[in-house]
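Examining the three-dimensional arrangement
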Amino acid sequence: MSTYRFIDGEGDLPFAKIENQFATAEISFYGAHVTSFIPQGEKPVLWVSRQSMYQYGKAIRGGIPVCWPWFGAHPSDRNQPSHGYARIMAWPLVEALDLPDGATQLSFELSPEALKQRVAVPDFQAKMTVTVGRELEVKLYIRNLGPEAWSYTGALHTYFNVSDIRKVSVCGLDGAAYRDSLTGEDKVQQGDITFAGEVDRIYRDTTGACDIVDAGWNRTIRVAKRGSASTVVWNPWIEKSQKMSDFGDDEYLGMLCVETANAGNDVRRLAPGADAELTTIIGIA
Ligand code: TA6
């Protein structure tokens, strides 16, 4: 029996549901968006807002939105959507595998023609591969099929489920330089990251794993990565939560974003024919 099946989920969007010996998971074809990862015997690892919308044109609020081909605001066109188009477009399934080790692997590809209708981009291949096993591995693979070099930014903008953000710390970024997106200032991280207000930071030259230590649930989530030299940490806290219609006023308490990114000065530039990956590997430590 296969470890995956396809259903019409929230908002009648097509979803893949995965259940194997290691975990359960859910992936929306809309955005190639992982919305759930629950290792056997564990609490959900990913967070999704109770107020999330599931409709074309609006990103699902939570899980792992794919931000590409830019992170944040478009560099020159204010009319373009925040965090690019990948998370608000359909990604057809191209492969579904039950792997020999018992894990499940699904792959999705974005249509270059569909993206070109929205923004000027060269020929490219964009493939999302999600592997659900003891860990969750999510890989964005990009290949430049155009005749010119091409630069992009992006992120796997992961929302993690936590007991109470006030009891959580992020370890592994001590000493890292970061841009504070709230003030525009450049600073250096002193010790572990803790939370007593809105935090929105892009940590530079960070290629290693970091740990989300949740004292409330006595759980540590490890976030490892490949193809990323920047890490974004975000909690909107009270005021910003109240401003987002797809985010409950008090939901900031139960979530934290630790994003595997190509953001800030971590711009990826591909020569013609070159390729790159942006991969996050998530597990319970
Ligand atoms: O990754 C942090 C961030 O860039 C924040 O500044 C905030 O805007 C967040 O992403 C969510 O952005 P969104 O467009 O999904 O509301």
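Okay, so let's go over this structure. (Residues numbered from 1 in each chain as written. Predicted model: local features only at pLDDT ≥ 70, side-chain atom pairs only at ≥ 80, totals over all residues. Heavy atoms only, no water.)

Further remarks concern the site of the ligand. With respect to spatial proximity, the complete set of residues near the ligand consists of Arg61, Phe71, Ser82, His83, Arg87, His157, Asp200, Val232, Trp234 and Glu259. Between the ligand and Arg61 there is a distance of 2.9 Å, counted from an oxygen atom to a side-chain nitrogen or oxygen. Note that an oxygen atom of the ligand is positioned 2.9 Å from one of the side-chain N or O atoms of His157. Notes on the ligand: free accessible area 390 Å², of which the protein chains cover 78%. (Near = heavy atom within 4 Å. Polar contact = N/O pair within 3.5 Å; in protein donor to acceptor, adjacent residues only side chain to side chain. Areas by Shrake-Rupley, 256 points an atom, 1.4 Å probe, with all protein chains shown as cover.)

On to the nonpolar core, then. The biggest cluster of nonpolar side chains holds 77 residues, and the ones touching the most others in it are Trp68, Leu136, Ile212 and Leu256. Counting residues per element, this core draws most heavily on strand 8 (residues 124-132), which supplies 5 residues. The residues contacting Leu256, other than those within four sequence positions of it, are Thr158, Tyr159, Phe160, Val162, Ile165, Val168, Val170, Phe195, Ile212, Val233, Trp234 and Asn235. Formed by 7 residues, the second largest nonpolar core is a distinct cluster that contains Phe71, Val232, Ala261 and Ala263. (Core = buried A, V, L, I, M, F, W, Y, C linked by side-chain atoms within 4.5 Å. Buried < 20%, exposed > 50% of the residue type's maximum accessible area, 1.4 Å probe, protein only. Helix = DSSP H or I, 4+ residues; strand = E, 2+ residues; numbered from the N terminus. Contact = heavy atoms within 4.5 Å.)

Take the pattern of salt bridges next. Applying the stated criterion across every chain yields a total of 18 salt bridges. Across the pair Lys187 and Asp180 runs a salt bridge whose closest N-O atoms are separated by 3.2 Å. The exposure class of Lys187 is partly exposed, given its relative accessible area of 29%. Take Asp180: its relative accessible area is 7%, and that puts it in the buried class. Taking the shortest distance from any N to any O, the salt bridge between Arg268 and Asp266 comes out at 2.7 Å. Look at Arg268 and you get partly exposed, because its relative accessible area is 21%. Bridged by salt links that share partners, the residues Arg50, Asp250 and Glu251 form one connected network. (Salt bridge = Lys/Arg side-chain N within 4 Å of Asp/Glu carboxyl O.)

Strand order in this open sheet of 4 strands is 1-2-3-4, and the pairing throughout is antiparallel. Edge positions in the open sheet fall to strand 1 (4-8) and strand 4 (33-39), since each of these has one partner strand only. Along the sheet, successive strands turn relative to each other by an average axial angle of 15°, direction set aside. Bridge count between strand 2 (residues 14-19) and strand 3 (residues 23-28): 5 bridges; the pairing is antiparallel. By the bridge assignment, Ala16 is partnered in strand 3 with Ile27. (Pairing = 2+ DSSP bridges. Axes fitted to C-alpha atoms, helices over the stretch in contact; angles between N-to-C directions.)

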